[in-house]
Amino acid sequence: MALPIYLGLVHYPIYNKKNEVITTAITNFDIHDIARTARTYEINRYFIIHPLDSQKALAEEIIAYWQQGYGGVYNPDRKDALSIVDISTDIAGVIERITAETGRTPIVVTTDARKFDNMISYSGLRKVIASGDVPCLLLFGTGWGIESSVMRQFDYILEPIYGPGPYNHLPVRAAVAIILDRLLGETWWE
């Protein structure tokens, strides 16, 4: 049996459209929509990774509304989905928490629309996940992607998602859904 899969949404260090390194803002849609997708694909935990206390407080307030507030009564499905959301200051802290929880250091796989040397295909990563040897942390960047030197620190970078044309700038919520389906969804093509 495969060990747990974790997901992280990274807000720093991120490129903006001018190729400057910035910290992006947390969005309400990213919290709920990614949580719902992650819960559907049985992700163990979805980490929102942000260094700023004010942004972490915003995320905590949104999560609390759906966990302890009226939102959880009004929409129990969303309460269930948000039960897997956690907040962390940085990627290293997420890796430490997964290692403590599972007793194994996770492989870390980042995603990007750019190409890198240590890329892995969807079928290749499906095999790694199915082997059950180690937990897996899938990181998704916001803005215009995670800073390049950070990207190169991890085990793999998943190949980009390509559509039929040259345009390639999916919203992160869509990329998460497509990638989780490719990695963990039914093998309809067999």
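Note that the structure is predicted; figures quoted are calculated from it, not measured.

Some thoughts on the UniProt feature "domain: tRNA (guanine-N(1)-)-methyltransferase C-terminal" (unreviewed entry) in the protein chain
(1) Moving on: Look at the UniProt record and you will see "domain: tRNA (guanine-N(1)-)-methyltransferase C-terminal" (unreviewed entry) annotated at residues 5-185.
(2) Moving on: Helix makes up 44% of residues 5-185 and strand 19%, with an end-to-end C-alpha separation of 13 Å.

Description of helix α2 (residues 53-67)
(1) Moving on: Compared with an ideal rise of 1.5 Å per residue, which puts 15 residues at 21 Å, α2 spans 20 Å between its outermost C-alpha atoms and is within 8% of the ideal.
(2) Moving on: Gln-55, Lys-56, Ala-59, Ile-62, Ile-63, Trp-66 and Gln-67 are the residues of α2 that are buried. An end-on view of α2 places all buried positions within 130° of arc, on one side of the element. In α2, the exposed residues that point more than 90 degrees away from the buried face are Asp-53, Ser-54 and Glu-61.
(3) Moving on: Those residues of α2 that are buried lie in contact with α1 (28-40), β4 (45-49), α3 (70-74), α4 (76-82) and β5 (85-88).

Quick notes on the sheet that holds strand β7 (residues 119-120)
(1) Moving on: Strand order in the open sheet formed by seven strands is β5-β4-β1-β8-β6-β9-β7, and the pairing between neighbours is parallel. With partners counted over all chains shown, the strands left at the sheet margins are β5 and β7, one partner each.
(2) Moving on: The pairing of strand β6 (residues 107-111) with strand β9 (residues 156-158) spans three bridges and is parallel. Of the residues in β9, the one forming a bridge with Thr-111 is Leu-158.
(3) Moving on: The strands touched by α2 within the sheet are β4 and β5, with β5 carrying the most contacts at an inclination of about 165°.

Details of the packing of α1 against α2
(1) Moving on: For the pair α1 and α2, the least separation of the axes is 10 Å and the interaxial angle reads 50°. By the criterion of interaxial angle, the relationship of α1 to α2 is oblique. Here α1 and α2 pass one another in a crossing that is right-handed. Residues Asn-28, Ile-31 and His-32 of α1 lie in contact with α2, whose contacting residues are Ala-59, Ile-62, Ile-63 and Trp-66.
(2) Moving on: A per-class count over the contact of α1 with α2 returns five nonpolar, two polar and no charged.

Comments concerning the side chain of Thr-110
(1) Moving on: You can see Thr-110 is positioned in strand β6.
(2) Moving on: Contact partners of Thr-110, with chain neighbours within four places excluded, come to Leu-139, Met-151, Phe-154, Tyr-156, Ile-157 and Leu-158.

Concerning unusual backbone geometry
(1) Moving on: The step from Tyr-12 to Pro-13 runs through a cis peptide bond, and the omega angle for that step is -5°.
(2) Moving on: Structurally, Pro-13 can be placed in the loop between β1 (5-10) and β2 (14-15).
(3) Moving on: At Glu-42, a residue that is not glycine, the phi angle is positive and equals roughly 60°.
(4) Moving on: Here Glu-42 is to be found in the loop between α1 and β4.

About the thresholds
- Residues numbered from 1 in each chain as written.
- Predicted model: local features only at pLDDT ≥ 70, side-chain atom pairs only at ≥ 80, totals over all residues.
- Heavy atoms only, no water.
- UniProt positions renumbered as here; feature names shortened; annotations may be inferred.
- Helix = DSSP H or I, 4+ residues; strand = E, 2+ residues; numbered from the N terminus.
- Expected span 1.5 Å × (residues − 1).
- Buried < 20%, exposed > 50% of the residue type's maximum accessible area, 1.4 Å probe, protein only.
- Arc of directions from axis to C-beta.
- Contact = heavy atoms within 4.5 Å.
- Pairing = 2+ DSSP bridges.
- Axes fitted to C-alpha atoms, helices over the stretch in contact; angles between N-to-C directions.
- Parallel < 35°, antiparallel > 145°, perpendicular 65-115°, else oblique.
- Left-handed = near helix turned anticlockwise from the far one by under 90°.
- Nonpolar A, V, L, I, M, F, W, Y, C, P; charged D, E, K, R; others polar.

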